[in-house]
Amino acid sequence: MQLLPALIEFPADDPERARRFWADLLGAELQARGEGEGEGWQTRAGAPEVGVHARGRGPGDSFSLPYFAVADLAAALERVPALGGSVIHAGDKWAICKDSEGSPFGLAREG
């Protein structure tokens, strides 16, 4: 199974400023997320999409995170610790993990 980045998420102290920065740099509008997508904005121009949200205290709020789309989130979450990584937050639609070296990344259920 090959995983490719589907989304790169950037937490921001000033979300509007970050939204303008990424929109101007990428030449692509960051649109408000819909129901079930979480808070913030993201591009809709193809993978990987770029997202911005207000910085908070959650597991995905400290660093920029690449998210990888997976067909079976539960199976992918079982593989993470088996490969030497760790699961920080496991949800029904997305999860925050760390690889074997401690670098954070996200997994998102396709669809």
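Look a little higher up for the structure.
Residues numbered from 1 in each chain as written. Predicted model: local features only at pLDDT ≥ 70, side-chain atom pairs only at ≥ 80, totals over all residues. Heavy atoms only, no water.

**Here we look at the pairing of strand β6 (residues 86-90)**
Using the following cut-off: Here, any two strands with at least 2 DSSP bridges between them count as paired. By the criteria applied, helices consist of DSSP H or I runs no shorter than four residues and strands consist of E runs no shorter than two, each listed in order from the N terminus.
Where β6 and strand β7 (residues 94-98) come together, 4 bridges link them in antiparallel fashion. When the sheet's bridge partners are listed, A90 is paired in β7 with A95.

**Side note on the packing of aromatic side chains**
Defined as follows: Classification of ring pairs rests on two measures: the distance between centres of Phe, Tyr or Trp rings, Trp counted by its six-membered ring, which must be within 6.5 Å, and the angle between planes, read as stacked under 30 degrees, edge-to-face over 60 and tilted in between. Only protein chains enter the accessibility calculation, which uses a 1.4 Å probe. A residue is then buried if its area is under 20% of the maximum for its type, exposed if over 50%, and partly exposed in between.
Counting across every chain of the model gives 3 aromatic pairs. On the basis of an interplanar angle of 25° and a centroid distance of 4.3 Å, the ring pair of F10 and W22 is categorised as stacked. Placement of F10 in strand β1 (residues 5-12) and of W22 in helix α1 (residues 15-26) is noted, with a sequence separation of 12 residues between them. Their ring planes at 90° and their centres at 5.1 Å tell us that F21 and W22 sit as a pair that is edge-to-face. Overall, F21 belongs to the partly exposed group, its relative accessible area being 48%. Each residue in the set F10, F21 and W22 is aromatic and connected to the rest through ring pairs, giving one cluster.

**With respect to the pairing of strand β4 (residues 49-54)**
The buried fraction of β4 is high, at 5 of 6 residues. Pairing of β1 with β4 involves 6 bridges; the strand directions are parallel. Across the sheet, residue F10 finds its bridge partner in β4, namely V52. Bridging between strand β3 (residues 41-42) and β4 involves 2 bridges; their strand directions are antiparallel. If you follow Q42 over to β4, its bridge partner there is G51.

**A word on the nonpolar core**
We apply this condition: Definition used in this section: a nonpolar core is a set of buried Ala, Val, Leu, Ile, Met, Phe, Trp, Tyr and Cys residues joined via side-chain atoms within 4.5 Å. The contact criterion used throughout is that any non-hydrogen atoms of two residues lie within 4.5 Å.
In this structure, F68, V70, L73, A76, L77, V80, A95, C97, F105 and L107 together form the largest nonpolar core, which totals 10 residues. Broken down by element, this core gets its largest block of residues, 4 residues, from helix α2 (residues 73-82). Residues contacting V80, with those up to four places away along its chain left out, are G85, S86, V87, C97, K98, F105 and L107. If you look at the next biggest cluster of nonpolar residues, it comprises 8 residues, including A12, W22, L30 and V52.

**Overview of the side chain of E49**
Basically, it comes down to this: Under the rule applied, a polar contact is a pair of N or O atoms within 3.5 Å (in protein, one hydrogen donor and one hydrogen acceptor; residues adjacent in sequence only if both atoms are side-chain atoms).
Mapped onto the elements of the fold, E49 is located in strand β4. Within the local environment of E49, its side chain forms a polar contact with the side chain of Q42, the two groups lying 2.4 Å apart. The contact partners of E49, leaving out residues within four places of it in the chain, are A6, L7, I8, Q42, T43 and R44.

**Structural notes on the environment of P5**
By secondary structure assignment, the location of P5 is in strand β1. With relative accessibility at 35%, the residue P5 sits in the partly exposed group. Once the C-alpha coordinates of P5 and A32 are considered, the two residues, 27 residues apart in sequence, prove to be 20 Å apart. Here P5 is in contact with A47, P48, Y67 and F68, once residues within four sequence places are set aside.

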